[in-house]
Amino acid sequence: MDQIKLVIKAFRAVDNLDSCHKYVEGHSKVLKIFGIAMITSAKLMWMQDPDTYIILVESENGEKIYGGARVQVAKSNLALPIEDALTKFDHNIHQYVTDMIPQGTGELCGLWNSREVAGLGVGSIYLGRVGVALAMQLKLSTLYALCAPATVNNCMRVGFLVDERLGNEGTFYYPKEGLIATAVILNDVQYLSTAEPTEREKIFELSRSPIQQKFEISPRQQEIEIDYNLSLQNI
């Protein structure tokens, strides 16, 4: 990438199925690199779910997709991916989610980034911030996520904590034997009391001003121009 300029946008899945399919295609390619054919968050029922929202990281002209994630709001008719992933290890996950539906809960899931933007922080921190900011707009009180070992620390930066009620003090083998996943939960989406102060302020800023342009510094100390369009006002 000669010039680092990205667009990060959010929309309801049912409103843009073409972009949903592009998101799935990109996610599938990344999973195949790691020898993973299918994971629970890759199941496609969410495309027909009016309570699932997509985050896409695109090139400036929209021709390339560099990454993405989903925020799936929990409802009684569609299980969260973390429920499907954990059910054979810890059936309690279903009751935990059900108990929190009245207050508003969901999951940040299906997060990926392409090799083209590896090292820029797209998957490691920017999508995490945006996912939490989106959950704030959706008035959720709690938010789940499943983390690979390399992403646990970044999840904790934006306020997630290991959910030690689940599995082996929060960990279990997923999506296949030998790969460890960690279940994390953000207990106060609207306040972010457990987030790092700098991350907390950035997330609140994205929630307050979902349409904005910012210059960020990547982990590689490269300047990235990002156009954010996270507005859900028409939903």
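Below, the structure is looked at part by part. (Residues numbered from 1 in each chain as written. Predicted model: local features only at pLDDT ≥ 70, side-chain atom pairs only at ≥ 80, totals over all residues. Heavy atoms only, no water.)

1. Let's talk about the pairing of strand 3 (residues 65-73)
Stage number 1. Within strand 3, nine of the nine residues are buried, which leaves the element mostly enclosed by the surrounding structure.
Stage number 2. Judged from the seven bridges that link them, strand 2 (residues 52-59) and strand 3 form a sheet pairing that is antiparallel. Bridge assignment links Tyr53 to a residue of strand 3, and that residue is Val71.
Stage number 3. Where strand 2 folds back onto strand 3 in an antiparallel hairpin, the turn is made up of five residues, including Gly62, whose phi is positive at roughly 80 degrees. (Buried < 20%, exposed > 50% of the residue type's maximum accessible area, 1.4 Å probe, protein only. Helix = DSSP H or I, 4+ residues; strand = E, 2+ residues; numbered from the N terminus. Pairing = 2+ DSSP bridges.)

2. Points about the nonpolar core
Stage number 1. With 46 residues, the main nonpolar core has Ile8, Ile55, Leu143 and Phe160 as its most contacted residues.
Stage number 2. Ranked by the residues each element gives to this core, the list is headed by helix 4 (residues 122-137), at ten residues.
Stage number 3. Once residues within four sequence positions are removed from consideration, Ile55 is found in contact with Ile8, Lys9, Ala10, Gly67, Gly68, Ala69, Val71, Leu127, Val130, Gly131 and Leu134.
Stage number 4. Among the nonpolar cores identified, the runner-up in size contains 15 residues, and Ala74, Leu80, Tyr144 and Ala183 belong to it. (Core = buried A, V, L, I, M, F, W, Y, C linked by side-chain atoms within 4.5 Å. Contact = heavy atoms within 4.5 Å.)

3. A few points about the pattern of salt bridges
Stage number 1. Tallied over the entire structure, the rule returns 13 salt bridges.
Stage number 2. The shortest N-O distance in the salt bridge between Arg129 and Glu199 comes to 2.6 Å. Placement of Arg129 in helix 4 and of Glu199 in helix 6 (residues 197-208) is noted, with a sequence separation of 70 residues between them.
Stage number 3. With relative accessibility at 5%, the residue Arg129 sits in the buried group.
Stage number 4. When its relative accessible area of 2% is taken as the criterion, Glu199 is described as buried. (Salt bridge = Lys/Arg side-chain N within 4 Å of Asp/Glu carboxyl O.)

4. A word on the side chain of Arg129
Stage number 1. Side chain to side chain, Arg129 and Glu199 meet in a polar contact 2.6 Å long.
Stage number 2. Non-local contacts of Arg129, meaning those with residues more than four positions away in its chain, are made with Arg157, Val158, Glu199, Lys202, Ile203, Leu206 and Glu216. (Polar contact = N/O pair within 3.5 Å; in protein donor to acceptor, adjacent residues only side chain to side chain.)

5. Quick word on helix 6
Note that an α-helix has 3.6 residues per turn; residues three or four places apart therefore point the same way.
Stage number 1. Along its twelve residues, helix 6 runs 16 Å from first to last C-alpha, staying within 8% of the 16 Å computed at 1.5 Å per residue.
Stage number 2. Of the positions making up helix 6, those classed as buried are Glu199, Ile203, Phe204 and Leu206. Down the axis of helix 6, the sector holding all buried residues measures 160 degrees, keeping them to one side. In helix 6, the exposed residues that point more than 90 degrees away from the buried face are Pro197, Thr198 and Arg208. (Expected span 1.5 Å × (residues − 1). Arc of directions from axis to C-beta.)

Keep in mind these values describe shape, not function.
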